[in-house]
Amino acid sequence: MTHKILAASAALIGFGLIAATNGRLSAREQAAVQLHPPTGQFVAVDGVRVHLQMAGSGPDLVLIHGANGNLREFTFALMDQLSDRYRVIAVDRPGLGYSDPLPDNGASVQDQARLLQQAVAQIGVQNPIVLGQSYGGAVALAWALQTPPAALVLISSPSLPWPGELDSWYRITATSLGRATLVPLASAFVSHGFVRRTIDQVFAPQTAPPGYADHLGIGLTLRRESMAANIMQINSLRPQIEVMRQDYPQLDLPIELVHGDADTIVPLHIHSAPLMDLIPQGHLTVLPGAGHMPHHTHPEAVIAAIDRAAARAGLR
């Protein structure tokens, strides 16, 4: 009984703190939107708005970002490096950036993939190369299992169940009470400096390029709605991958994988390396000493993988 009283007391304290920070939250979130407004266009799929940005001409290439991010992940540099020979479409995943969340806060990679496929179809994309980075790679795999695109490119992507638990932030916020109390507090009080240090950890052992954090829009990632959507997506990923892995051998399309052997966020030996035994048309490029963000730190390897995927699919 004591632990229930303590939990209830903590919840009351949390809600009191939330009430005291409503003004700070509103001002901080408004500032984030003013500093980093939408840069692309919107399409609607069954009432759900999807934000996307397009550049270039050539074979269609859809870019799907990872956890807690937005399409600015790709407009920082990669889109410009590809738009001379591809029509590049970067998308905000549901609930992140400026795309609406799925109905009922849905977090499945299958529903995300279906929404994004229908969204880009509205601008004439029918048989694209689909690239997914990190969590976005799981969405790309779900896309390929549902409606196979011309080719698939997976960058540092989770693809197989991993051992152990998620970190304490995700475990605590897995509950509705945890999200209701901690997300507003984190949104209001987590400093941009803390986020920058977290970004450095994601890039390790490399470092983020100058200007990356400012371009990505730290304030956008700290909005309550974005944090809540990201939490639900991360917490539900592993059981979905456990189901998806059974169908990987059915994938009959060119698949290029790029993965650093120093990636501690999504380790190579747990994901891309053993995945090669399950996908008949997979080709893996291992980057010695590279971390989790090779599209920034080793862009030439990622671009080469995209070009190989296009050639293998008969698009170049």
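Right above here is the structure, for reference.
Report follows, based on the coordinates. Here the structure is a predicted model, which is why all the values come from computation and not from measurement.

### Notes on the overall build of the protein
Then step 1. When helices and strands are tallied, the protein shows 16 helices and eight strands.
Then step 2. Relative to the globule expectation of 20 Å for 316 residues, the C-alpha radius of gyration of the protein, 19 Å, shows essentially globular dimensions.
Then step 3. Structurally, the protein occupies a C-alpha span of about 60 × 40 × 40 Å along its principal axes.
Then step 4. Of the roughly 13,300 Å² that the protein leaves accessible, carbon and sulfur atoms contribute 57%.
Then step 5. If the 20 positive side-chain charges of the protein are averaged to one point and the 24 negative ones to another, these points end up 6 Å apart.

### Focus: empty space enclosed by the protein
Then step 1. Considering all chains together, one arrives at three cavities of 30 Å³ or more under this definition.
Then step 2. Roughly 50 Å³ of internal volume is contained in the largest cavity.
Then step 3. What lines the largest cavity is Pro-37, Pro-38, Thr-39, His-51, Asn-70, Leu-71, Arg-72, Asp-92, Gly-97, Tyr-98 and Leu-220.
Then step 4. Partitioning the lining of the largest cavity into residue classes produces five nonpolar, four polar and two charged.

### Side note on the packing of aromatic side chains
Then step 1. Here the structure, examined in full by the defined rule, presents two aromatic pairs.
Then step 2. Between Phe-76 and Tyr-212, the ring centres sit 5.8 Å apart and the planes meet at 85 degrees, which makes this aromatic pair edge-to-face. Within this pair, whereas Phe-76 is found in the loop between helix H3 (72-75) and helix H4 (78-82), its partner Tyr-212 is found in helix H10 (residues 212-216), the two being separated by 136 residues in sequence.
Then step 3. Note on Phe-76: relative accessible area 24%, which makes it partly exposed.
Then step 4. Of the residues examined, Tyr-212 reaches a relative accessible area of 3% and is grouped as buried.
Then step 5. Across from the ring centre of Tyr-98, 5.2 Å away, lies the NZ or CZ of Arg-223, which sits over that ring.

### Points about the environment of Gln-240
Then step 1. The residue Gln-240 is located in helix H13 (residues 237-244) in this model.
Then step 2. Using a relative accessible area of 10% as the deciding quantity, one classes Gln-240 as buried.
Then step 3. C-alpha separation for the pair Gln-240 and Pro-161, spaced 79 residues apart in sequence, amounts to 9.0 Å.
Then step 4. If near-sequence neighbours (up to four positions away) are discounted, Gln-240 is found in contact with Ala-107, Ser-108, Val-109 and Gln-110.

So, how was this worked out
Residues numbered from 1 in each chain as written. Predicted model: local features only at pLDDT ≥ 70, side-chain atom pairs only at ≥ 80, totals over all residues. Heavy atoms only, no water. Helix = DSSP H or I, 4+ residues; strand = E, 2+ residues; numbered from the N terminus. Rg over C-alpha atoms; globule rule 2.2 N^0.38 Å. Areas by Shrake-Rupley, 256 points an atom, 1.4 Å probe, with all protein chains shown as cover. Lys, Arg positive; Asp, Glu negative; His and termini not counted. Charge placed at Lys NZ, Arg CZ, Asp CG, Glu CD. 1 Å grid on protein atoms, 1.4 Å probe; cavity = no way out; pocket = protein on both sides within 12 Å on 5 of 7 lines; lining within 4 Å. Points joined across faces, edges and corners; volume = space filled by probe spheres on them. Nonpolar A, V, L, I, M, F, W, Y, C, P; charged D, E, K, R; others polar. Phe/Tyr/Trp six-rings, centres within 6.5 Å; stacked < 30°, edge-to-face > 60°. Buried < 20%, exposed > 50% of the residue type's maximum accessible area, 1.4 Å probe, protein only. Lys NZ or Arg CZ within 6 Å of the ring centre and 35° of its normal. Contact = heavy atoms within 4.5 Å.

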